[in-house]
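Each chain, written out:
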Amino acid sequence: MALMTAQEYIESLRKLNTRVYMFGEKIENWVDHPMIRPSINCVAMTYALAQDPQYADLMTVKSSLTGRTINRFTHLHQSTEDLMNKVKMQRLLGQKTASCFQRCVGMDAFNAVFSTTYEIDEKYGTHYHENFKKFLTFVQDNDLTVDGAMTDPKGDRSKAPSQQADPDMYVHVVERRPDGIVVCGAKCHQTGSINSHWHIFMPTISMGEADKDWAVSFACPTDAEGMYMIYGRQSCDTRKLEEDASIDVGNAKFGGQEALVVLDHVFIPNEYIFLNGEYEFAGMIVERFAGYHRQSYGGCKVGVGDVVIGAAALAAEYNGVEKASAVKDKLIEMTHLNETLFCCGIACSAQGVKTKAGNYQIDLLLANVCKQNVTRFPYEIVRLAEDIAGGLMVTMPSQKDFNSDTVVGCNGETIGEICNKFFAAREGVSTEDRQRIMRFLENMCLGAAAVGYRTESMHGAGSPQAQRIMIARQGNIQGKKQFAKDIAGIK
Ligand code: SF4
Ligand code: FE
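Residues numbered from 1 in each chain as written. Chains lettered and ligands numbered in written order. Predicted model: local features only at pLDDT ≥ 70, side-chain atom pairs only at ≥ 80, totals over all residues. Heavy atoms only, no water.

Draft legend 1. Up close: the overall build of the protein chain. The helix and strand tally for the protein chain stands at 18 helices and 14 strands. Against the compact-globule benchmark of 23 Å for 491 residues, the protein chain has a radius of gyration of 24 Å, which places it among compact chains. Dimensions of the protein chain, computed from C-alpha atoms along their principal axes, come out at roughly 85 × 70 × 50 Å. In the protein chain, buried positions account for 55% of the 491 residues. In the protein chain, 77% of the contacts between residues at least 6 apart in sequence involve partners at least 24 apart. (Helix = DSSP H or I, 4+ residues; strand = E, 2+ residues; numbered from the N terminus. Rg over C-alpha atoms; globule rule 2.2 N^0.38 Å. Buried < 20%, exposed > 50% of the residue type's maximum accessible area, 1.4 Å probe, protein only. Contact = heavy atoms within 4.5 Å.)

Structural data, given as C-alpha coordinates:
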(Lines give C-alpha, C1' and ligand atoms only; values in the text may rest on other atoms or scores of the structure.)
(Ligands and ions follow the chains in the order given, each with its own letter.)
Protein backbone atom coordinates (compact mmCIF):
# COMPACT_ATOMS: atom_id res chain seq x y z
CA MET A 1 0.00 0.00 0.00
CA ALA A 2 1.20 3.50 -0.81
CA LEU A 3 1.33 6.40 1.62
CA MET A 4 -2.06 7.18 3.15
CA THR A 5 -3.74 10.53 2.57
CA ALA A 6 -4.95 12.51 5.58
CA GLN A 7 -8.52 11.52 4.82
CA GLU A 8 -7.62 7.84 4.44
CA TYR A 9 -5.90 8.00 7.82
CA ILE A 10 -9.00 9.48 9.47
CA GLU A 11 -11.24 6.90 7.80
CA SER A 12 -8.90 4.08 8.85
CA LEU A 13 -9.50 4.99 12.50
CA ARG A 14 -13.23 4.41 12.09
CA LYS A 15 -12.55 0.77 11.18
CA LEU A 16 -10.96 0.08 14.56
CA ASN A 17 -12.93 -1.05 17.57
CA THR A 18 -10.99 1.29 19.89
CA ARG A 19 -12.58 1.62 23.34
CA VAL A 20 -12.55 5.25 24.50
CA TYR A 21 -14.06 6.62 27.73
CA MET A 22 -14.54 10.27 28.67
CA PHE A 23 -16.53 11.97 31.46
CA GLY A 24 -17.45 8.54 32.81
CA GLU A 25 -18.97 7.23 29.60
CA LYS A 26 -18.01 5.22 26.56
CA ILE A 27 -17.63 7.44 23.48
CA GLU A 28 -18.90 5.58 20.44
CA ASN A 29 -18.09 8.03 17.65
CA TRP A 30 -14.81 9.29 19.08
CA VAL A 31 -13.41 10.18 15.63
CA ASP A 32 -15.90 13.06 15.29
CA HIS A 33 -15.99 14.03 18.97
CA PRO A 34 -15.29 17.80 19.16
CA MET A 35 -12.82 17.37 22.03
CA ILE A 36 -10.90 14.57 20.30
CA ARG A 37 -11.07 15.55 16.64
CA PRO A 38 -8.45 18.36 16.77
CA SER A 39 -5.87 15.82 17.96
CA ILE A 40 -6.80 13.52 15.06
CA ASN A 41 -6.44 16.44 12.62
CA CYS A 42 -2.99 16.97 14.07
CA VAL A 43 -1.79 13.42 13.31
CA ALA A 44 -3.54 13.69 9.92
CA MET A 45 -1.13 16.55 9.14
CA THR A 46 1.78 14.04 9.23
CA TYR A 47 0.01 12.31 6.33
CA ALA A 48 -1.06 15.49 4.50
CA LEU A 49 2.44 17.00 4.40
CA ALA A 50 3.88 13.71 3.11
CA GLN A 51 1.64 14.11 0.04
CA ASP A 52 2.93 17.64 -0.64
CA PRO A 53 5.81 17.65 -3.19
CA GLN A 54 7.45 20.68 -1.54
CA TYR A 55 8.01 18.65 1.64
CA ALA A 56 8.85 15.31 -0.02
CA ASP A 57 12.51 15.34 1.08
CA LEU A 58 11.66 15.94 4.71
CA MET A 59 8.48 13.91 5.03
CA THR A 60 9.32 10.82 2.96
CA VAL A 61 12.35 8.59 2.68
CA LYS A 62 13.43 5.21 1.26
CA SER A 63 12.92 2.38 3.73
CA SER A 64 16.12 0.69 4.89
CA LEU A 65 14.10 -2.53 5.19
CA THR A 66 12.33 -2.63 1.81
CA GLY A 67 13.67 0.20 -0.37
CA ARG A 68 10.13 1.48 -0.75
CA THR A 69 9.10 5.11 -0.16
CA ILE A 70 7.72 5.54 3.36
CA ASN A 71 6.68 8.33 5.69
CA ARG A 72 9.68 9.47 7.76
CA PHE A 73 7.62 8.88 10.90
CA THR A 74 8.08 5.12 10.29
CA HIS A 75 11.78 5.31 9.38
CA LEU A 76 14.91 3.82 10.96
CA HIS A 77 17.47 6.64 10.83
CA GLN A 78 20.35 5.66 8.55
CA SER A 79 22.68 8.63 9.01
CA THR A 80 23.23 11.81 10.99
CA GLU A 81 21.52 13.59 8.09
CA ASP A 82 18.43 11.45 8.70
CA LEU A 83 18.55 12.43 12.39
CA MET A 84 18.73 16.12 11.48
CA ASN A 85 15.93 15.75 8.94
CA LYS A 86 13.79 14.20 11.65
CA VAL A 87 14.22 17.34 13.79
CA LYS A 88 13.52 19.63 10.82
CA MET A 89 10.38 17.63 10.00
CA GLN A 90 9.18 18.02 13.59
CA ARG A 91 9.79 21.76 13.50
CA LEU A 92 7.75 21.97 10.29
CA LEU A 93 4.87 20.02 11.88
CA GLY A 94 4.99 22.25 14.95
CA GLN A 95 4.73 25.32 12.71
CA LYS A 96 1.74 23.84 10.85
CA THR A 97 -0.22 22.65 13.92
CA ALA A 98 1.03 24.60 16.99
CA SER A 99 0.37 21.34 18.84
CA CYS A 100 1.76 17.94 19.71
CA PHE A 101 1.28 15.87 16.54
CA GLN A 102 1.80 12.68 18.49
CA ARG A 103 3.30 10.42 15.85
CA CYS A 104 6.90 10.86 17.05
CA VAL A 105 6.58 8.57 20.06
CA GLY A 106 6.15 5.63 17.69
CA MET A 107 9.10 6.72 15.52
CA ASP A 108 11.28 7.00 18.61
CA ALA A 109 10.12 3.59 19.86
CA PHE A 110 10.95 2.01 16.46
CA ASN A 111 14.52 3.23 16.59
CA ALA A 112 15.07 2.31 20.25
CA VAL A 113 13.50 -1.15 20.01
CA PHE A 114 15.23 -1.93 16.69
CA SER A 115 18.71 -1.41 18.11
CA THR A 116 18.00 -2.96 21.53
CA THR A 117 16.40 -6.16 20.17
CA TYR A 118 19.52 -6.69 18.03
CA GLU A 119 21.67 -6.65 21.14
CA ILE A 120 19.31 -8.90 23.13
CA ASP A 121 19.36 -11.49 20.34
CA GLU A 122 23.14 -11.22 20.15
CA LYS A 123 23.39 -12.16 23.82
CA TYR A 124 20.58 -14.70 24.16
CA GLY A 125 19.93 -16.08 20.64
CA THR A 126 16.31 -14.89 20.89
CA HIS A 127 14.34 -13.75 17.82
CA TYR A 128 13.09 -10.37 18.95
CA HIS A 129 14.95 -8.44 16.25
CA GLU A 130 13.39 -10.54 13.45
CA ASN A 131 9.98 -10.12 15.11
CA PHE A 132 10.51 -6.39 15.20
CA LYS A 133 11.73 -6.06 11.60
CA LYS A 134 8.67 -7.99 10.40
CA PHE A 135 6.38 -5.77 12.44
CA LEU A 136 8.02 -2.56 11.24
CA THR A 137 7.84 -3.68 7.58
CA PHE A 138 4.08 -4.14 8.08
CA VAL A 139 3.87 -0.67 9.67
CA GLN A 140 5.86 1.00 6.87
CA ASP A 141 3.97 -0.76 4.08
CA ASN A 142 0.62 0.26 5.54
CA ASP A 143 1.76 3.74 6.67
CA LEU A 144 0.41 3.16 10.17
CA THR A 145 0.56 5.42 13.18
CA VAL A 146 2.04 3.52 16.11
CA ASP A 147 2.13 4.80 19.66
CA GLY A 148 5.24 4.33 21.78
CA ALA A 149 4.02 3.66 25.32
CA MET A 150 6.51 3.89 28.16
CA THR A 151 5.25 5.65 31.30
CA ASP A 152 3.79 3.25 33.90
CA PRO A 153 1.75 4.55 36.85
CA LYS A 154 4.71 3.58 39.15
CA GLY A 155 2.77 3.55 42.46
CA ASP A 156 5.24 3.88 45.36
CA ARG A 157 8.26 5.47 43.66
CA SER A 158 10.63 4.14 46.34
CA LYS A 159 9.87 0.55 45.32
CA ALA A 160 10.83 -1.58 42.32
CA PRO A 161 8.07 -3.06 40.11
CA SER A 162 8.21 -6.44 41.90
CA GLN A 163 7.93 -4.74 45.34
CA GLN A 164 4.72 -2.79 44.62
CA ALA A 165 1.64 -3.64 46.69
CA ASP A 166 -0.31 -3.70 43.42
CA PRO A 167 1.67 -5.53 40.67
CA ASP A 168 -0.28 -3.63 37.98
CA MET A 169 1.61 -0.41 38.79
CA TYR A 170 4.00 -1.55 36.02
CA VAL A 171 2.92 -3.46 32.90
CA HIS A 172 3.73 -7.12 33.48
CA VAL A 173 3.27 -10.68 32.24
CA VAL A 174 0.56 -12.54 34.14
CA GLU A 175 0.57 -15.70 32.07
CA ARG A 176 3.02 -17.43 29.73
CA ARG A 177 1.56 -19.67 27.03
CA PRO A 178 3.27 -21.62 24.20
CA ASP A 179 1.81 -19.17 21.67
CA GLY A 180 2.38 -15.91 23.59
CA ILE A 181 1.92 -13.97 26.83
CA VAL A 182 -0.95 -12.30 28.68
CA VAL A 183 -0.21 -8.83 30.07
CA CYS A 184 -1.81 -6.50 32.62
CA GLY A 185 -1.11 -2.93 33.72
CA ALA A 186 -1.42 0.58 32.33
CA LYS A 187 0.46 3.48 30.79
CA CYS A 188 -0.27 7.01 32.02
CA HIS A 189 -0.63 10.30 30.15
CA GLN A 190 -0.05 8.44 26.93
CA THR A 191 0.29 10.79 23.97
CA GLY A 192 -1.64 9.91 20.82
CA SER A 193 -2.95 6.61 22.11
CA ILE A 194 -6.48 6.77 20.75
CA ASN A 195 -5.37 7.97 17.31
CA SER A 196 -2.86 5.19 16.73
CA HIS A 197 -3.45 1.98 14.83
CA TRP A 198 -1.00 0.00 16.96
CA HIS A 199 1.00 0.46 20.18
CA ILE A 200 4.52 -0.55 21.17
CA PHE A 201 4.80 -1.04 24.92
CA MET A 202 8.20 -0.64 26.59
CA PRO A 203 9.43 -0.73 30.20
CA THR A 204 9.79 2.62 31.94
CA ILE A 205 12.80 2.00 34.26
CA SER A 206 15.88 -0.18 34.65
CA MET A 207 15.02 -3.48 36.28
CA GLY A 208 16.60 -6.22 38.40
CA GLU A 209 16.23 -10.01 38.33
CA ALA A 210 13.18 -9.94 40.59
CA ASP A 211 11.43 -7.70 38.06
CA LYS A 212 11.66 -10.25 35.22
CA ASP A 213 7.91 -10.38 34.66
CA TRP A 214 7.85 -6.59 34.31
CA ALA A 215 10.71 -6.54 31.77
CA VAL A 216 8.48 -6.81 28.74
CA SER A 217 8.10 -5.07 25.39
CA PHE A 218 5.62 -5.89 22.65
CA ALA A 219 3.34 -4.52 19.95
CA CYS A 220 -0.43 -4.80 19.95
CA PRO A 221 -3.28 -3.31 17.94
CA THR A 222 -5.02 -0.36 19.60
CA ASP A 223 -8.33 -2.22 19.61
CA ALA A 224 -6.90 -5.44 21.10
CA GLU A 225 -9.31 -7.34 23.34
CA GLY A 226 -8.83 -6.12 26.92
CA MET A 227 -7.33 -2.75 26.02
CA TYR A 228 -9.12 0.57 26.62
CA MET A 229 -8.40 4.26 27.16
CA ILE A 230 -9.71 6.93 29.51
CA TYR A 231 -9.28 10.34 27.89
CA GLY A 232 -7.25 12.95 29.76
CA ARG A 233 -8.83 16.37 30.08
CA GLN A 234 -7.08 19.65 29.39
CA SER A 235 -7.52 23.17 30.67
CA CYS A 236 -10.60 24.86 29.09
CA ASP A 237 -11.26 21.72 27.00
CA THR A 238 -15.05 22.03 27.16
CA ARG A 239 -14.88 25.26 25.16
CA LYS A 240 -14.57 22.83 22.24
CA LEU A 241 -18.09 21.59 23.04
CA GLU A 242 -19.65 25.09 23.00
CA GLU A 243 -21.46 26.48 20.01
CA ASP A 244 -20.08 29.65 18.35
CA ALA A 245 -16.84 29.36 20.29
CA SER A 246 -14.28 28.53 17.62
CA ILE A 247 -12.46 31.84 18.28
CA ASP A 248 -12.67 31.32 22.06
CA VAL A 249 -11.02 27.90 21.65
CA GLY A 250 -7.88 29.58 20.30
CA ASN A 251 -6.60 26.76 18.11
CA ALA A 252 -9.80 25.11 16.96
CA LYS A 253 -8.18 23.00 14.25
CA PHE A 254 -5.43 21.16 16.09
CA GLY A 255 -4.55 19.86 19.53
CA GLY A 256 -2.73 17.18 21.45
CA GLN A 257 -4.14 14.16 23.21
CA GLU A 258 -3.24 12.12 26.28
CA ALA A 259 -5.00 9.18 27.88
CA LEU A 260 -4.69 6.49 30.51
CA VAL A 261 -4.22 3.25 28.56
CA VAL A 262 -5.28 0.12 30.38
CA LEU A 263 -4.17 -3.43 29.54
CA ASP A 264 -6.61 -5.81 31.19
CA HIS A 265 -5.39 -9.35 30.39
CA VAL A 266 -4.35 -8.64 26.80
CA PHE A 267 -2.98 -11.60 24.84
CA ILE A 268 0.21 -10.92 22.87
CA PRO A 269 1.23 -13.55 20.27
CA ASN A 270 4.93 -14.53 20.26
CA GLU A 271 5.63 -12.75 16.95
CA TYR A 272 4.88 -9.35 18.53
CA ILE A 273 7.14 -9.78 21.58
CA PHE A 274 10.41 -7.78 21.65
CA LEU A 275 11.53 -8.34 25.27
CA ASN A 276 10.34 -10.97 27.70
CA GLY A 277 12.28 -11.35 30.92
CA GLU A 278 15.76 -10.18 29.78
CA TYR A 279 15.60 -7.59 32.54
CA GLU A 280 19.07 -6.12 32.05
CA PHE A 281 17.93 -4.71 28.67
CA ALA A 282 15.00 -2.77 30.12
CA GLY A 283 17.29 0.15 30.97
CA MET A 284 18.77 0.16 27.45
CA ILE A 285 15.35 0.57 25.83
CA VAL A 286 14.43 3.34 28.27
CA GLU A 287 17.69 5.23 27.76
CA ARG A 288 17.52 5.01 23.97
CA PHE A 289 13.83 5.84 23.64
CA ALA A 290 14.19 8.76 26.07
CA GLY A 291 17.25 9.98 24.16
CA TYR A 292 15.40 9.99 20.85
CA HIS A 293 12.38 11.69 22.38
CA ARG A 294 14.53 14.33 24.07
CA GLN A 295 16.02 15.05 20.63
CA SER A 296 12.46 15.28 19.25
CA TYR A 297 11.67 18.18 21.56
CA GLY A 298 14.43 20.18 19.88
CA GLY A 299 12.20 20.09 16.79
CA CYS A 300 8.52 20.01 17.75
CA LYS A 301 8.63 22.58 20.55
CA VAL A 302 10.71 24.88 18.35
CA GLY A 303 8.05 24.75 15.63
CA VAL A 304 5.34 25.54 18.16
CA GLY A 305 7.59 28.28 19.57
CA ASP A 306 7.77 29.80 16.08
CA VAL A 307 3.98 30.16 16.10
CA VAL A 308 3.93 31.62 19.63
CA ILE A 309 6.56 34.19 18.65
CA GLY A 310 4.58 35.04 15.50
CA ALA A 311 1.39 35.45 17.53
CA ALA A 312 3.12 37.75 20.02
CA ALA A 313 4.49 39.84 17.15
CA LEU A 314 0.98 40.10 15.66
CA ALA A 315 -0.49 41.10 19.02
CA ALA A 316 2.10 43.89 19.23
CA GLU A 317 1.31 44.98 15.68
CA TYR A 318 -2.46 45.01 16.29
CA ASN A 319 -1.94 47.04 19.45
CA GLY A 320 0.23 49.50 17.54
CA VAL A 321 3.39 48.89 19.59
CA GLU A 322 5.49 46.79 17.23
CA LYS A 323 8.04 49.60 16.75
CA ALA A 324 8.66 50.03 20.49
CA SER A 325 12.25 49.01 21.23
CA ALA A 326 11.19 47.07 24.35
CA VAL A 327 8.80 44.93 22.26
CA LYS A 328 11.43 44.36 19.58
CA ASP A 329 13.90 43.26 22.24
CA LYS A 330 11.44 40.79 23.74
CA LEU A 331 10.87 39.23 20.32
CA ILE A 332 14.63 38.98 19.86
CA GLU A 333 14.95 37.21 23.22
CA MET A 334 12.14 34.79 22.35
CA THR A 335 13.80 34.03 19.02
CA HIS A 336 17.17 33.53 20.68
CA LEU A 337 15.71 31.05 23.18
CA ASN A 338 13.79 29.18 20.52
CA GLU A 339 16.75 28.88 18.16
CA THR A 340 18.94 27.71 21.05
CA LEU A 341 16.58 24.75 21.42
CA PHE A 342 16.85 24.08 17.69
CA CYS A 343 20.66 24.19 17.96
CA CYS A 344 20.43 21.48 20.63
CA GLY A 345 18.15 19.30 18.48
CA ILE A 346 20.48 19.63 15.48
CA ALA A 347 23.65 19.19 17.54
CA CYS A 348 22.64 15.91 19.19
CA SER A 349 21.66 14.67 15.72
CA ALA A 350 24.87 15.81 13.99
CA GLN A 351 26.87 14.01 16.69
CA GLY A 352 24.84 10.81 16.26
CA VAL A 353 26.47 7.38 16.07
CA LYS A 354 25.68 4.10 14.34
CA THR A 355 24.30 1.36 16.59
CA LYS A 356 25.28 -2.31 16.34
CA ALA A 357 21.98 -2.94 14.56
CA GLY A 358 22.84 -0.33 11.90
CA ASN A 359 20.44 2.53 12.60
CA TYR A 360 21.66 5.85 13.96
CA GLN A 361 21.34 7.08 17.50
CA ILE A 362 21.64 10.63 18.81
CA ASP A 363 24.43 11.79 21.09
CA LEU A 364 22.82 10.98 24.45
CA LEU A 365 24.50 13.74 26.46
CA LEU A 366 23.50 16.45 23.98
CA ALA A 367 19.95 15.07 23.64
CA ASN A 368 19.55 15.30 27.41
CA VAL A 369 20.93 18.83 27.43
CA CYS A 370 18.42 19.64 24.69
CA LYS A 371 15.47 18.43 26.74
CA GLN A 372 16.78 20.09 29.92
CA ASN A 373 16.68 23.42 28.07
CA VAL A 374 13.18 22.59 26.83
CA THR A 375 12.04 22.30 30.46
CA ARG A 376 12.91 26.01 30.82
CA PHE A 377 12.91 28.07 27.63
CA PRO A 378 9.27 27.62 26.51
CA TYR A 379 8.25 28.96 29.94
CA GLU A 380 10.27 32.11 29.34
CA ILE A 381 8.97 32.39 25.77
CA VAL A 382 5.40 32.14 27.07
CA ARG A 383 6.12 34.71 29.81
CA LEU A 384 7.35 37.17 27.21
CA ALA A 385 4.38 36.40 24.91
CA GLU A 386 1.98 37.20 27.79
CA ASP A 387 3.95 40.34 28.54
CA ILE A 388 3.64 41.56 24.95
CA ALA A 389 -0.01 40.51 24.52
CA GLY A 390 -1.32 42.32 27.59
CA GLY A 391 -4.10 41.30 29.96
CA LEU A 392 -6.76 41.22 27.29
CA MET A 393 -5.81 37.64 26.39
CA VAL A 394 -7.50 36.52 29.62
CA THR A 395 -10.18 39.18 30.20
CA MET A 396 -11.92 39.54 26.84
CA PRO A 397 -15.65 38.72 26.61
CA SER A 398 -16.78 35.66 24.71
CA GLN A 399 -17.29 35.25 21.00
CA LYS A 400 -21.03 35.13 21.69
CA ASP A 401 -20.82 38.62 23.20
CA PHE A 402 -19.03 39.93 20.14
CA ASN A 403 -21.81 38.48 17.96
CA SER A 404 -24.73 39.39 20.25
CA ASP A 405 -27.76 41.40 19.05
CA THR A 406 -29.01 42.08 22.57
CA VAL A 407 -29.53 45.81 23.05
CA VAL A 408 -27.69 47.38 26.00
CA GLY A 409 -26.89 51.01 25.06
CA CYS A 410 -29.15 54.03 25.44
CA ASN A 411 -28.91 54.61 21.70
CA GLY A 412 -29.87 51.03 20.93
CA GLU A 413 -26.31 49.65 20.71
CA THR A 414 -26.02 45.87 20.96
CA ILE A 415 -23.57 43.96 23.16
CA GLY A 416 -21.75 43.04 19.95
CA GLU A 417 -21.39 46.67 18.91
CA ILE A 418 -20.17 47.69 22.36
CA CYS A 419 -17.55 44.90 22.40
CA ASN A 420 -16.40 45.80 18.91
CA LYS A 421 -16.20 49.50 19.86
CA PHE A 422 -14.14 49.09 23.02
CA PHE A 423 -11.89 46.25 21.85
CA ALA A 424 -11.07 47.84 18.52
CA ALA A 425 -7.47 47.38 17.42
CA ARG A 426 -5.34 49.92 15.56
CA GLU A 427 -6.76 51.27 12.33
CA GLY A 428 -6.78 48.75 9.52
CA VAL A 429 -6.96 45.73 11.84
CA SER A 430 -10.31 44.10 12.54
CA THR A 431 -11.43 43.57 16.11
CA GLU A 432 -12.01 39.94 15.20
CA ASP A 433 -8.38 39.46 14.17
CA ARG A 434 -7.29 40.94 17.50
CA GLN A 435 -9.73 38.66 19.27
CA ARG A 436 -8.33 35.66 17.38
CA ILE A 437 -4.70 36.34 18.24
CA MET A 438 -5.46 37.03 21.92
CA ARG A 439 -7.47 33.83 22.28
CA PHE A 440 -4.77 31.91 20.44
CA LEU A 441 -2.17 33.16 22.91
CA GLU A 442 -4.43 32.34 25.84
CA ASN A 443 -4.79 28.83 24.43
CA MET A 444 -1.02 28.41 23.99
CA CYS A 445 -0.01 29.96 27.30
CA LEU A 446 -2.59 28.57 29.70
CA GLY A 447 -5.40 26.83 27.82
CA ALA A 448 -5.65 23.35 26.33
CA ALA A 449 -2.60 23.90 24.10
CA ALA A 450 -0.46 24.73 27.14
CA VAL A 451 -0.45 21.00 27.83
CA GLY A 452 1.66 20.59 24.72
CA TYR A 453 3.77 23.71 24.95
CA ARG A 454 4.31 24.13 28.69
CA THR A 455 3.69 21.14 30.92
CA GLU A 456 4.74 18.66 28.25
CA SER A 457 7.95 20.66 27.85
CA MET A 458 8.53 20.07 31.57
CA HIS A 459 7.48 16.44 31.95
CA GLY A 460 7.18 14.91 28.48
CA ALA A 461 10.14 12.68 27.49
CA GLY A 462 11.03 12.61 31.19
CA SER A 463 10.97 15.22 33.94
CA PRO A 464 14.00 17.52 34.41
CA GLN A 465 15.62 15.30 37.05
CA ALA A 466 15.69 12.36 34.62
CA GLN A 467 17.85 14.45 32.27
CA ARG A 468 20.11 15.56 35.10
CA ILE A 469 20.79 11.93 36.00
CA MET A 470 21.78 11.25 32.38
CA ILE A 471 23.86 14.43 32.21
CA ALA A 472 25.68 13.30 35.38
CA ARG A 473 26.29 9.88 33.86
CA GLN A 474 27.45 11.14 30.46
CA GLY A 475 29.18 14.33 31.54
CA ASN A 476 32.63 12.73 32.13
CA ILE A 477 33.62 14.72 35.21
CA GLN A 478 36.68 12.46 35.68
CA GLY A 479 37.94 13.37 32.21
CA LYS A 480 37.37 17.04 32.94
CA LYS A 481 39.34 16.75 36.20
CA GLN A 482 42.21 15.28 34.24
CA PHE A 483 42.22 18.27 31.85
CA ALA A 484 42.53 20.55 34.86
CA LYS A 485 45.23 18.41 36.49
CA ASP A 486 47.32 18.28 33.31
CA ILE A 487 47.31 22.05 32.88
CA ALA A 488 47.70 22.85 36.56
CA GLY A 489 50.62 20.44 36.83
CA ILE A 490 48.96 18.09 39.34
CA LYS A 491 50.30 14.54 39.25
FE1 SF4 B 1 6.12 14.58 18.87
FE2 SF4 B 1 6.71 16.63 20.39
FE3 SF4 B 1 4.36 15.43 20.67
FE4 SF4 B 1 6.55 14.19 21.51
S5 SF4 B 1 5.71 16.12 22.32
S6 SF4 B 1 4.93 13.31 20.25
S7 SF4 B 1 8.04 14.91 19.99
S8 SF4 B 1 5.08 16.54 18.88
FE1 FE C 1 5.73 14.24 24.24
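Draft legend 2. Focus on the packing of aromatic side chains. A full pass over the atoms with the stated rule returns 14 aromatic pairs. With a centroid separation of 6.4 Å and 55° between ring planes, the pair formed by Phe 132 and Phe 135 is classed as tilted. Of this pair, Phe 132 and Phe 135 are both found in helix H6 (residues 128–142), three residues apart, which corresponds to roughly one turn of the helix. By the burial criterion, Phe 132 is buried, and Phe 135 matches it. Geometrically, the ring pair formed by Phe 201 and Phe 218 is stacked, given 5.0 Å between the ring centres and 20° between the ring planes. Of this pair, Phe 201 sits in strand S8 (residues 198–201) while Phe 218 sits in strand S9 (residues 216–221), and the two are 17 residues apart along the sequence. A connected cluster of aromatic rings, assembled from ring pairs, spans Phe 132, Phe 135, Phe 138, Trp 198, Tyr 272 and Phe 274. Here Arg 91 stacks its cationic end above the ring of Phe 342, 4.5 Å away from the centre of that ring. Here the guanidinium or amino end of Arg 103 rests over the ring plane of Tyr 47, the centre of that ring lying 4.1 Å away. (Phe/Tyr/Trp six-rings, centres within 6.5 Å; stacked < 30°, edge-to-face > 60°. Lys NZ or Arg CZ within 6 Å of the ring centre and 35° of its normal.)

Draft legend 3. Quick look at the domain arrangement of the protein chain. Examined at the domain level, the protein chain breaks down into domain 1 (6–283) and domain 2 (287–488). The C-alpha centroid of domain 2 is placed 25 Å from the C-alpha centroid of domain 1. Contact residues are listed per partner, giving 51 residues for domain 1 and 47 residues for domain 2. Between domain 1 and domain 2 lies a buried interface of about 4,100 Å² when both sides are counted; carbon and sulfur atoms form 59% of it. The three residues of domain 1 that bury the most area against domain 2 are Val 87, Arg 91 and Ile 247, which together make up 18% of that side's buried surface. Taken together, domain 1 and domain 2 are joined by six salt bridges. A salt bridge links Arg 439 to Asp 248; the nearest nitrogen and oxygen atoms lie 3.7 Å apart. (Domains from an automatic or database assignment. Buried area = accessible area lost by both parts, 1.4 Å probe. Salt bridge = Lys/Arg side-chain N within 4 Å of Asp/Glu carboxyl O.)

Draft legend 4. Spotlight on the site of ligand 1. Every residue close to ligand 1 is listed here: Cys 100, Phe 101, Gln 102, Cys 104, His 293, Ser 296, Tyr 297, Cys 300, Lys 301 and Glu 456. For the shell around ligand 1, the element with the most residues is helix H8 (residues 282–319), which contributes five residues. Here the residues of the shell around ligand 1 are counted per class, giving five nonpolar, three polar and two charged. For the shell around ligand 1, the two domains that each supply at least three residues are domain 1 (6–283) and domain 2 (287–488). (Near = heavy atom within 4 Å. Nonpolar A, V, L, I, M, F, W, Y, C, P; charged D, E, K, R; others polar.)

Draft legend 5. Representation of the packing of helix H4 (residues 80–97) against H8 in the model. Direction vectors running N to C along H4 and H8 enclose 35°, while the axes themselves pass 7 Å from each other. For H4 against H8, the interelement crossing comes out right-handed. On H8, the residues that touch Leu 83, Lys 86, Val 87, Gln 90, Arg 91, Gly 94 and Gln 95 of H4 are Tyr 292, Gln 295, Ser 296, Gly 298, Gly 299, Cys 300, Val 302, Gly 303, Val 304, Asp 306 and Val 307. (Axes fitted to C-alpha atoms, helices over the stretch in contact; angles between N-to-C directions. Left-handed = near helix turned anticlockwise from the far one by under 90°.)

Draft legend 6. Here's a closer look at the nonpolar core. Counting residues in each nonpolar core, the largest one holds 77 residues, and the members touching the most others are Tyr 9, Trp 30, Phe 132, Phe 135, Ile 200, Met 227 and Ile 268. Sort the elements by how many residues they give to this core and helix H5 (residues 104–124) lands first, with seven residues. There are two domains that each give this core at least three residues, and those are domain 1 (6–283) and domain 2 (287–488). In this view, Ile 268 contacts Asp 179, Gly 180, Ile 181, Val 183, Phe 218, Ala 219, Cys 220 and Ile 273; residues no more than four positions away in its chain are not counted. Ranked by size, the runner-up nonpolar core spans 59 residues in total, among them Val 87, Ile 346, Ala 425 and Phe 440. (Core = buried A, V, L, I, M, F, W, Y, C linked by side-chain atoms within 4.5 Å.)

Draft legend 7. Representation of the sheet that holds strand S2 (residues 25–26) in the model. Spatial ordering of the open sheet is given by S2-S1-S10-S11-S7-S6, a layout of six strands whose pairing is mixed. One side of each edge strand has no neighbouring strand; the edge strands of this open sheet are S2 and strand S6 (172–177). As defined by bridge partners, strand S1 (residues 20–22) adjoins S2 across two bridges and the pair is classed as antiparallel. From the neighbouring strand, Met 22 faces S2, where its bridge partner is Glu 25. (Pairing = 2+ DSSP bridges.)

Draft legend 8. Broad picture of the packing of H8 against helix H15 (residues 431–446). Contact pair H8 / H15: the axes reach a minimum separation of 10 Å and the direction vectors enclose 140°. Considering their axes alone, H8 and H15 lie oblique with respect to each other. In this structure, the crossing between H8 and H15 has a hand that is left-handed. When H8 is examined against H15, the residues Val 304, Val 307, Val 308, Ala 311, Ala 312, Leu 314, Ala 315, Tyr 318 and Asn 319 are found in contact with a partner set consisting of Asp 433, Arg 434, Ile 437, Met 438, Phe 440, Leu 441 and Met 444. Of the residues assigned to the contact of H8 with H15, the class counts are 13 nonpolar, one polar and two charged. (Parallel < 35°, antiparallel > 145°, perpendicular 65-115°, else oblique.)

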